[in-house]
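Per-entry structural report
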Amino acid sequence: MHENLETMNAISEKERRLSLKVLKGDIYLNDQRLRYSAEGFTSFKYVITQWKKKRIGGVTFKGVLDDRMLQEFVYTMNSLPDWRDENAEKINERMVYHEIHSIEVIPLDENEDDDEGNIFQKEDQKVVAKKVFFETLGTIKEVITQIKQKQYPDVRKLKRLAQTAVRLAMQDESILLGLTTIKNYDEYTYNHSVNVFIYSIAIGRRLGLSKKTLTELGITAMLHDLGKSRVPREVLNKPDKLDDAEWDLMKKHPLMGVEIVLNLKQLGEVNPHIVIGIFDHHLKTDLSGYPRVFRKKEPSLFGRIIQIADVYDAMTTPRVYRKNSYSPGQTLALMLKDRESTFDPALLKIFIGLVGIFPVGSLVLLDTKEIAITYKANPDPELLDRPQVIVICDNGKEEVKKSFADLSELDSAGGYKRSIVKALDPNKYHIDIAKYFICPILPDDKDNTS
Ligand SMILES: [Fe+2]
Ligand SMILES: [Fe+2]
């Protein structure tokens, strides 16, 4: 490290500053592209990958550096979590705290993600996705608890999580979608909010919305049922039918959600799309539903997207008053029946394309007599019945064995190697679908989906 320091100080002295930047997969030293030898290529790529992981776009060193400064910088950078946009800001704050004014970091330019293609490795993505899921779950819980206790919640965290999720969805939506199979009806509202958030981002992405709009949509989806924090638990979890007064209160949750969001000062100037999206997420396309509106204007785009995600997740999740949920396929069939009056038909079509006829997380029987779980929808609309699947073998013990198969794969005779015979009910087979999405792949399994 000391030798490096001397070289750095020499350059810095000669040129008055030393800046390193990542630009289009190359490193620039004081705006000159660094050349590297074949042997240096691996370490060069390593630096770029590490910086990208830490979301750092460049570092400027001004004046003379000493060991302590450099050590503090390296230590801070390594101690930060990966894939966080706020890392650069955090390093700078840390440097000021240690009275180091000669090191300054800039965040990674958003466009850097795209030109390298898949910077998230598949396993990395799974880890990040899982983290985003559970952190979002925890943060929504925190926000609701703080609101109940009349404190100001930290909603900036929600925004950061939404940004990370949007980036993940850009890379591989199936990994995020897989997480929605985690169904936990004890913590229904939190879990449901995260699932609606994931589905909404995925629909928005297929619509080609910008990253900024997707982030706003994500925040709206996370907060869509915030108003339920003002509905008593006994009403929310009532196993019997709600009486008129309880139902009236329940129907107020979109409006109460709007009221709460308008009071969340940290969101800054509250974006009207977020407010309207929360307001009309139960408003059907024929303007029935609630809250009652008198203006003849269709529900907002955010509202229409969230409505689809909301109904789909609610129907596929077991509840206290409905122990067995609908299967993904049954749910889609029921939603299609209502498509004219309730849902935006074009958006519903996009959603079905996204989850497939056998949506991600369906348990299916194959003609090979194997049981499988759908993992990723086939991108070809002609092959919606040929998703990628996880063929499972549950030995009843802790560990889960799985291998991947692509149902569009042909055998030597030109026929399909495997086909779906029918959907099965996971409750009957006592199969915990989520287990297959969040368990690591066992070493002897090969992943032929990547
Ligand atoms: Fe709702
Ligand atoms: Fe909801």
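A short tour of the structure in this document, coming up. All of these numbers come straight from a predicted model, not from anything done at the bench.

**Section: the overall build of the protein chain**
Across its full length, the protein chain holds 19 helices and 10 strands. Across the 450 residues of the protein chain, 49% fall into the buried class. Long-range contacts, defined here as pairs at least 24 residues apart, represent 65% of the contacts in the protein chain between residues at least 6 apart. Summing over all exposed atoms, the protein chain offers an accessible surface of approximately 23,100 Å²; the carbon and sulfur share of this is 52%.

**Some points on the environment of E142**
With respect to the helices, strands and loops of the structure, E142 is situated in helix α6 (residues 122-148). As a C-alpha pair, E142 and Y190 span 48 residues in sequence and 9.9 Å in three-dimensional space.

**Examining the coordination of the iron ion (ligand 2)**
In this structure, H192 (NE2), H224 (NE2), D225 (OD) and D310 (OD) serve as the protein donors to the iron ion (ligand 2), at separations of 2.0 to 2.3 Å. Classification of the site at the iron ion (ligand 2) rests on its 4 donor atoms, whose angles at the metal span 76 to 173 degrees, yielding the label irregular. Look at where the donors of the iron ion (ligand 2) fall in the sequence and you get H-x31-H-D-x84-D. Between the iron ion (ligand 2) and the iron ion (ligand 1) the interatomic distance amounts to 3.4 Å, and D225 serves as a bridging ligand to the pair. Here H192 is found in helix α9 (residues 188-206), whereas its partner D225 is found in the loop between α10 (211-223) and α11 (233-236), with 33 residues between them in sequence. Assigned by exposure class, H192 and D225 land together as buried.

**Description of the packing of α9 against α10**
Direction vectors running N to C along α9 and α10 enclose 155 degrees, while the axes themselves pass 8 Å from each other. Taken together, the axes of α9 and α10 lie roughly antiparallel to each other. Helix-helix and strand crossings are classified by hand; for α9 and α10 the assignment is right-handed. Touching S193, V196, F197, S200, I201, G204 and R205 of α9 are L214, L217, G218, A221 and M222, all from α10. Class assignment for the residues of the contact of α9 with α10 results in 7 nonpolar, 4 polar and 1 charged.

**Re the coordination of the iron ion (ligand 1)**
Protein ligation of the iron ion (ligand 1) involves D225 (OD), H253 (NE2), H281 (NE2) and H282 (NE2), the donor distances falling in the range 2.1 to 2.3 Å. Here the iron ion (ligand 1) binds 4 donor atoms, and the angle range of 85 to 177 degrees at the metal identifies the geometry as irregular. Each donor residue of the iron ion (ligand 1) belongs to the same chain, with the gaps between them written as D-x27-H-x27-H-H. The buried category is assigned to H281, whose relative accessible area is 1%.

**Some remarks on unusual backbone geometry**
Residue P291 is bonded to the preceding Y290 through a cis peptide linkage, with omega at -10 degrees. Within the secondary structure layout, P291 lies in the loop between α14 (272-279) and α15 (301-316). At R55, a position not held by glycine, the phi torsion is positive, near 60 degrees. Tracing the chain through its elements places R55 in the loop between α2 (41-53) and β4 (56-62). Relative accessible area serves as the criterion here: at 2%, R55 is assigned to the buried category.

**Side note on the nonpolar core**
Of all hydrophobic cores here, the largest spans 75 residues; its most connected members are L176, F197, I198, L226, I308 and F351. Counting 23 residues, the second largest nonpolar core, distinct from the first, contains L5, I48, I56 and L65.

**As for the sheet that holds β4**
Read across the open sheet, the 5 strands follow the order β3-β2-β1-β4-β5; overall the sheet is antiparallel. Bordering the open sheet on either side are β3 (32-33) and β5 (103-107), each of which pairs with just one other strand. With 5 bridges joining them, strand β1 (residues 17-23) and β4 adopt antiparallel strand pairing. The residue of β4 that forms the bridge with K21 is G58. Of the strands in this sheet, β4 and β5 are in contact with helix α3 (residues 67-79), which crosses β4 at around 170 degrees. Those strands touched by helix α4 (residues 87-97) are β4 and β5, and its axis lies near 165 degrees from that of β5.

**Considering α3**
Taking 1.5 Å as the rise per residue, α3 with 13 residues should run 18 Å; its terminal C-alpha atoms sit 18 Å apart, in good agreement. Among all positions of α3, only M69, L70, E72, F73, T76 and M77 are buried. All buried residues of α3 lie within an arc of 160 degrees about the axis, which places them on one face of the element. Exposed positions of α3 whose direction lies more than 90 degrees from the buried face are Y75 and N78. Of the residues flanking the start of α3, the one acting as N-cap is D66, its side-chain oxygen 3.2 Å from the backbone nitrogen of R68.

**Notes on the environment of Q146**
Checked against the element boundaries, Q146 lands in helix α6. When residues no more than four places from it in sequence are discounted, the contact partners of Q146 are Q151, Y152, P153 and D154.

Reading the values: the criteria
Along every chain, residues carry numbers that run from 1 in the direction the sequence is written. As they are written, the chains are lettered A onward and the ligands numbered 1 onward, keeping that order. Local features in this predicted model are restricted to residues of pLDDT 70 or higher, and side-chain atom pairs are both shown and tallied only at a pLDDT of 80 or more, whereas totals for entire chains, interfaces and linings draw on every residue. Based on all heavy atoms of the structure, the side-chain values leave hydrogens and waters out of the count. Counting from the N terminus, the helices are the DSSP runs of H or I reaching at least four residues and the strands are the DSSP runs of E reaching at least two. Partly exposed describes any residue whose relative accessible area lies between the buried limit of under 20% and the exposed limit of over 50%, with all areas from a 1.4 Å probe on protein chains only and scaled to the type maximum. Contacts: residue pairs with any heavy atoms within 4.5 Å of one another. What sets the accessible areas is the Shrake-Rupley method with a 1.4 Å probe; for residues, cover comes only from the shown protein chains. Sodium, potassium and calcium take a 3.2 Å donor cutoff, other metals 2.8 Å, and in both cases only N, O and S atoms count; water is not among them, so sites may look incomplete. The rule is simple: four donors are tetrahedral if all their angles sit between 85 and 135 degrees, four are square planar and six octahedral if opposite donors span more than 155 degrees and the others lie between 65 and 115, and anything that fits none of that is irregular. All axes here are fitted lines through C-alpha atoms, helices being fitted over the stretch that makes contact, and every angle between N-to-C directions spans 0 to 180 degrees. For classification, angles of less than 35 degrees are called roughly parallel, those exceeding 145 degrees roughly antiparallel, those between 65 and 115 degrees roughly perpendicular, and all remaining angles oblique. Left-handed is the label given to a crossing in which the near helix is rotated counterclockwise from the far helix by less than a right angle, and right-handed is the label when the rotation is clockwise. Throughout, the ten residues Ala, Val, Leu, Ile, Met, Phe, Trp, Tyr, Cys and Pro are labelled nonpolar, Asp, Glu, Lys and Arg are labelled charged, and all others, Gly among them, are labelled polar. Nonpolar cores are built from buried Ala, Val, Leu, Ile, Met, Phe, Trp, Tyr and Cys residues. Side-chain atoms within 4.5 Å join them into one set. In short, DSSP must find at least two bridges between two strands for them to pair. Expected span of a helix, by definition, is 1.5 Å for each gap between consecutive residues, and there is one gap fewer than residues. It is the directions from the helix axis to the C-beta atoms whose arc is reported. We define a polar contact as two N or O atoms separated by no more than 3.5 Å, with the added condition that, inside protein, one atom must be a possible hydrogen donor and the other a possible acceptor, whereas residues neighbouring each other in sequence contribute only through side-chain atom pairs.

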